[in-house]
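# Coordinate analysis (summary)
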Amino acid sequence: MSSLFATSLSSPPTASLNVEVRPGKPPLLRVDAAGDASRWVAEHRDALRAAVVEHGALLVRGLGLRDVAGIEAVFRRLGSPMIEREAFATRQRYAEGLYSSSKWPPSQPMCMHHELSYALEFPSLMLFACLTAPSAGGATPVADETAVLQALSAELVERFERLGWLLIRNYNDEIGATIAEAFGSDDRHAVESYCRAKAIRFEWQPDGALRTWQRRSAVVRHPHTGRRCWFNQVAFLNQWTIDPEVRDYLVDVYGEDGLPFNTFFGNGDPIGPDIVQLINETYTANTVGDPWQAGDMMLVDNIRTAHARESFEGLREVLVGMADAVNVADCSPTIEVMGG
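So, a few notes on the structure that sits alongside this text. (Residues numbered from 1 in each chain as written. Predicted model: local features only at pLDDT ≥ 70, side-chain atom pairs only at ≥ 80, totals over all residues. Heavy atoms only, no water.)

### Quick notes on the overall build of the protein
- When its secondary structure is counted, the protein shows nine helices and 20 strands.
- For the protein, whose C-alpha radius of gyration is 19 Å, the value lies close to the compact-globule estimate of 20 Å for 340 residues.
- Its C-alpha atoms give the protein principal-axis dimensions of about 60 × 40 × 35 Å.
- Each of the 340 residues in the protein was classed as buried or not, and the buried ones make up 56%.
- Put simply, 80% of the contacts in the protein that link residues at least 6 apart link residues at least 24 apart.
- By element, 48% of the accessible surface of the protein is carried by carbon and sulfur atoms, the whole surface being about 14200 Å².
- With 31 positive and 44 negative side-chain charges, the protein shows a separation of 4 Å between the mean positions of the two kinds. (Helix = DSSP H or I, 4+ residues; strand = E, 2+ residues; numbered from the N terminus. Rg over C-alpha atoms; globule rule 2.2 N^0.38 Å. Buried < 20%, exposed > 50% of the residue type's maximum accessible area, 1.4 Å probe, protein only. Contact = heavy atoms within 4.5 Å. Areas by Shrake-Rupley, 256 points an atom, 1.4 Å probe, with all protein chains shown as cover. Lys, Arg positive; Asp, Glu negative; His and termini not counted. Charge placed at Lys NZ, Arg CZ, Asp CG, Glu CD.)

### Quick look at unusual backbone geometry
- The backbone of Glu-86 shows a phi angle near 70°, a positive value even though the residue is not glycine.
- Relative to the elements of secondary structure, Glu-86 occurs in the loop between helix H3 (68–78) and strand E4 (93–95).
- Non-glycine residue Asp-324 carries a positive phi angle of around 60°.
- Mapping Asp-324 onto the fold places it in strand E20 (residues 317–327).
- For Asp-324, a relative accessible area of 17% translates into the label buried.

### Considering the sheet that holds strand E11 (residues 201–204)
- Here four strands make up an open sheet; going across it, the order is E11-E12-E10-E15 and the pairing antiparallel. Two strands close off the open sheet at either side, each with one partner strand: E11 and strand E15 (261–265). Across the sheet, the mean angle from the axis of one strand to that of its neighbour is 15°, orientation sign disregarded. (Pairing = 2+ DSSP bridges. Axes fitted to C-alpha atoms, helices over the stretch in contact; angles between N-to-C directions.)

Just distances and angles here, no functional claims.
Here you go:
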């Protein structure tokens, strides 16, 4: 069973909260916020944060979240909002650090990943809040990365620790996030300054598209607990995770070098479909999930815990909050980042 439910000896106790540890599902806290979710969260903030440290993720049911304003009020009680940069897909921004889910086809699941694991700064705390639950599917399952790391072969982990992983992206106005959406500006000088500051190598294409390379650590230590975590998007952003028909179309139109994103070993060696399959199967073996109910909130430790999204039917509105930015330098990376 996943160690998502194992209690860390270095974590603070959460005895003040009656957290239900459930096999195959994320830890659950049932509450009665009596119509004032923001006030309840403010009163229990420390215990909630401690529970996230202890369990890696916490599903809170009974807050009665009904609108964006209510979710924003709760979000601001829990952490310091972080503005997303280097997004890989389009989102709607509701407030600072609070967004819609990524625009992703309902029929296609999102594989396990960490938010912004390819950036130098990333959120340490994620908030997911459900306003509208889908009629079928659409859960946000989670996986404990300490368990995933232990389950992967020592040889593969050592290779990634030694080489890191490389993300190559192609930005244009047709697929994925645009340059302006990803960098907050489409001004070339501003984009180039950002890339240089964030250790991203870049190259402008003749048609105005942007290609970038960024080498990152695949394994980090949690800055608060010291846990070693498998922390990357090697499988999720790899070409072999893309739906085969979609991949064939993209390769036909843009060429294999023009895919919106692809991942490699840090030295540029390709990551074959067998490795991608192994990683995704390891995630599956360590995944827990629970269908959304309207009003639910889930808090996720973005370093220790990966999250995904199931395919779904019907309407689904889940807001995403990113908070408490952490720099990879504070997470004992195993490699030095590749400069621009």
